Amino acid sequence: MTDRSPLAPAAFPALPEIAGVTRRIARAHYKNWDRCDLTYVELTPGTVVAGVTTQNVCCSTEVEMCREGIAHGRARALIVNAGNSNAFTGYRGREAVEQIVDQVAAHLACDPREVFVCSTGVIGVPLPKDKAHAGVAKVISFDTPSASWEETAQTITTTDTFPKGAAASAVVGGTTVQVAGIVKGSGMIAPDMATMLGYIFTDAAVAPDLLQAMLSEATAGSFNAITVDSDTSTSDTVLLFATGLAGNPVLTTRDDPGADALYAAIRSVALDLAQLVVRDGEGASKFIEIAVTGAVSDASAKRVALSIANSPLVKTAIAGEDANWGRVVMAVGKAGEPADRDRLAIRFGDHWVAKDGLPVDGYDEGPVAAHLKGQDIRVGADLGLGDGRATVWTCDLTHGYISINADYRS
């Protein structure tokens, strides 16, 4: 692991145990590193699953097979391989995944569609079947002790500089239910569904269709509202598992008592995890919130916000603590969305720097420069055209990003 991101939280949070979820980790030795790199999560029979996956058309076999499992709606196990994405590896990559699925399904005597496999790391190298088989044999052994949430979060990482977790709770039908999640991601982050790999678990009893609707909605304002470098991974997957052991009445519609509370908890965990990915952006030194208002629609506002967030010129200016608001104007104009130069307003923090297409009267760069010296930066753009609004999160672009990615396969 490289030096811990300066934007990282002080410590890994305390996450509740989720009834029906057992975690184990092992070393498969996918890479030459001194750490565990294979994660196994066993789920109680009857666990419901929902998921969102990358829209990258060069996706991995793991993503394709996860989609089949999501359609089935039930889950018994999750396997995560770190250090090798197994993407763009043809029939050899698929054989490796099928081997893992068959090995775990035989162990649990379950439907193969209930075994979910995810892999992350270098693209174009087939997952070594011998290492995978030996690693899975170790991790499904009852001799392997259970892993903590922090150990599990660490095991799924690649270039991450810290393990990431979040939790929330909700009251559903008079019963308190728990939600806990972990995520990995640092680079190749411009999700077109979710982030690189994220897993959320709850003990709530929820029907599959409702669980899927909740995850899809939560994703829109969390994992799909972050970007580090504008690149969408071939392996992006977020899975939500509901074991149903909390004892609440099964939720089937959003009108059921407690359904909104459960959704709020799921969205809270998703947003916390998504923002942690940005705080671990490769080489990042600034966490940046981009808020766009006054657009013709929410969708238009989001596209403008992402145009600003993905602009190398905006990101490098913020890295250099340069109050160059002209770069924000540029990014708004290139988004391809309705905008009017003479209605546009730009702010940094709480300080408006331009309104109605020109600098504000008496503009003083001092307070803006002071804001940019902090670690949490807020940028706003009001288009003055309608009620559309959106917020996305990103990080700055530094020399560290180049160093990390130039040496990624070394």
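Structural data are supplied above this passage.
To start, this report covers the structure provided alongside it.

Analysis parameters
Residues numbered from 1 in each chain as written. Predicted model: local features only at pLDDT ≥ 70, side-chain atom pairs only at ≥ 80, totals over all residues. Heavy atoms only, no water. Helix = DSSP H or I, 4+ residues; strand = E, 2+ residues; numbered from the N terminus. Rg over C-alpha atoms; globule rule 2.2 N^0.38 Å. Buried < 20%, exposed > 50% of the residue type's maximum accessible area, 1.4 Å probe, protein only. Areas by Shrake-Rupley, 256 points an atom, 1.4 Å probe, with all protein chains shown as cover. Lys, Arg positive; Asp, Glu negative; His and termini not counted. Charge placed at Lys NZ, Arg CZ, Asp CG, Glu CD. 1 Å grid on protein atoms, 1.4 Å probe; cavity = no way out; pocket = protein on both sides within 12 Å on 5 of 7 lines; lining within 4 Å. Points joined across faces, edges and corners; volume = space filled by probe spheres on them. Nonpolar A, V, L, I, M, F, W, Y, C, P; charged D, E, K, R; others polar. Salt bridge = Lys/Arg side-chain N within 4 Å of Asp/Glu carboxyl O. Contact = heavy atoms within 4.5 Å. Expected span 1.5 Å × (residues − 1). Pairing = 2+ DSSP bridges. Axes fitted to C-alpha atoms, helices over the stretch in contact; angles between N-to-C directions. Parallel < 35°, antiparallel > 145°, perpendicular 65-115°, else oblique. Phe/Tyr/Trp six-rings, centres within 6.5 Å; stacked < 30°, edge-to-face > 60°. Core = buried A, V, L, I, M, F, W, Y, C linked by side-chain atoms within 4.5 Å.

A word on the overall build of the chain
When helices and strands are counted, the chain shows eleven helices and 14 strands. By the compact-globule yardstick of 22 Å for 410 residues, the chain fits well, its C-alpha radius of gyration being 22 Å. Overall size of the chain, expressed as C-alpha extent along the three principal axes, is 70 × 55 × 35 Å. The buried share among the 410 residues of the chain stands at 55%. Carbon and sulfur atoms make up 51% of the accessible area of the chain, which amounts to about 16000 Å² in all. Treating the 34 positive side-chain charges of the chain as one cloud and the 48 negative ones as another, the clouds have centres 3 Å apart.

Description of empty space enclosed by the protein
Overall, the coordinates contain one cavity of 30 Å³ or more when judged by the stated rule. Put simply, the largest cavity is a space of about 40 Å³. Every residue along the wall of the largest cavity is listed here: Glu-62, Met-65, Cys-66, Val-97, Val-101, Val-115, Phe-116 and Val-117. Class assignment of the residues belonging to the lining of the largest cavity gives a composition of seven nonpolar, no polar and one charged.

Section: the side chain of Glu-62
Among the secondary structure elements, Glu-62 is positioned in helix 1 (residues 61-72). For the buried Glu-62, no salt bridge is present, and the opposite-charge side chain at shortest range is Arg-94, 8.2 Å distant. Beyond its immediate stretch of four places on either side in the chain, Glu-62 contacts Ser-85, Asn-86, Val-97, Val-117, Cys-118 and Ser-119.

Some details on the environment of Val-117
Considering the arrangement of structural elements, one finds Val-117 in strand 4 (residues 115-122). Residue Val-117 is classed as buried on the basis of its relative accessible area, which comes to 3%. For the pair Val-117 and Tyr-40, spaced 77 residues apart in sequence, the C-alpha separation works out to 9.4 Å. The contacts of Val-117, once residues within four sequence positions are left out, are Glu-62, Cys-66, Ile-79, Asn-81, Val-97, Ile-100 and Val-101.

Some remarks on helix 7 (residues 298-309)
Look at helix 7: 16 Å from first C-alpha to last across twelve residues, which is about the 16 Å you get at 1.5 Å a residue. Three or more residues of helix 7 are buried, namely Ser-300, Ala-301, Val-304, Ala-305, Ser-307, Ile-308 and Ala-309. Those residues of helix 7 hidden inside the fold are in contact with strand 9 (287-295), helix 8 (312-319), helix 9 (326-333), strand 13 (376-382) and strand 14 (388-395).

With respect to the pattern of salt bridges
Using the criterion set out here, one finds 17 salt bridges in the structure. One salt bridge connects Glu-321 with Lys-373, and the closest N-O pair in it is separated by 3.5 Å. With Glu-321 in the loop between helix 8 and helix 9 and Lys-373 in the loop between helix 10 (365-372) and strand 13, the pair connects residues that are 52 residues apart, well separated along the chain. Across the pair Asp-342 and Arg-341 runs a salt bridge whose closest N-O atoms are separated by 3.1 Å. Note on Arg-341: relative accessible area 63%, which makes it exposed. Residues participating in the shared-partner salt-bridge network are Glu-64, Arg-94 and Glu-98.

Considerations on the pairing of strand 14
Among the eight residues that make up strand 14, six are buried, leaving the element largely enclosed by the rest of the structure. Pairing geometry for strand 9 and strand 14, over seven bridges, is antiparallel. Of the residues in strand 14, the one forming a bridge with Ala-295 is Gly-388.

Structural notes on the packing of helix 1 against helix 2 (residues 90-108)
Viewed as axis vectors pointing N to C, helix 1 and helix 2 meet at an angle of 45°, and their least axial separation amounts to 9 Å. Taken together, the axis directions place helix 1 and helix 2 in an arrangement best described as oblique. Note on element contacts: helix 2 touches helix 1 through Gly-93, Arg-94, Val-97, Glu-98 and Val-101, opposite Thr-61, Glu-62, Glu-64, Met-65 and Glu-68. Here the residues of the contact of helix 1 with helix 2 are counted per class, giving three nonpolar, two polar and five charged.

Re the packing of aromatic side chains
Tallied over the full model, the rule gives three aromatic pairs. Pairing Phe-116 with Phe-241 gives two aromatic rings, centres 6.1 Å apart and planes at 80°, and the pair type is edge-to-face. Taken together, the residues Phe-116 in strand 4 and Phe-241 in strand 8 (residues 237-242) connect sequence positions 125 residues apart. For the pair shown, Phe-116 and Phe-241 are each scored as buried. Ring plane angle 50° and centroid distance 5.6 Å describe the contact between Trp-149 and Phe-201, whose orientation is recorded as tilted. Placement of the pair is Trp-149 in helix 4 (residues 149-155) and Phe-201 in strand 7 (residues 197-202), with a sequence separation of 52 residues. In terms of burial, Trp-149 and Phe-201 fall into one category: buried.

Considerations on the nonpolar core
Leu-262, Ile-290, Val-292 and Ile-308 are the most contacted members of the largest nonpolar core, which has 74 residues in total. Among the elements that line this core, the one with the most residues is helix 6 (residues 259-279), at 13 residues. For Ile-308, the residues in contact, after removing those within four places along its chain, are Ile-290, Val-292, Val-314, Val-328, Ala-331, Val-332 and Ala-381. Leu-15, Leu-43, Ala-180 and Phe-201 belong to the second largest nonpolar core, which has 24 residues in total.

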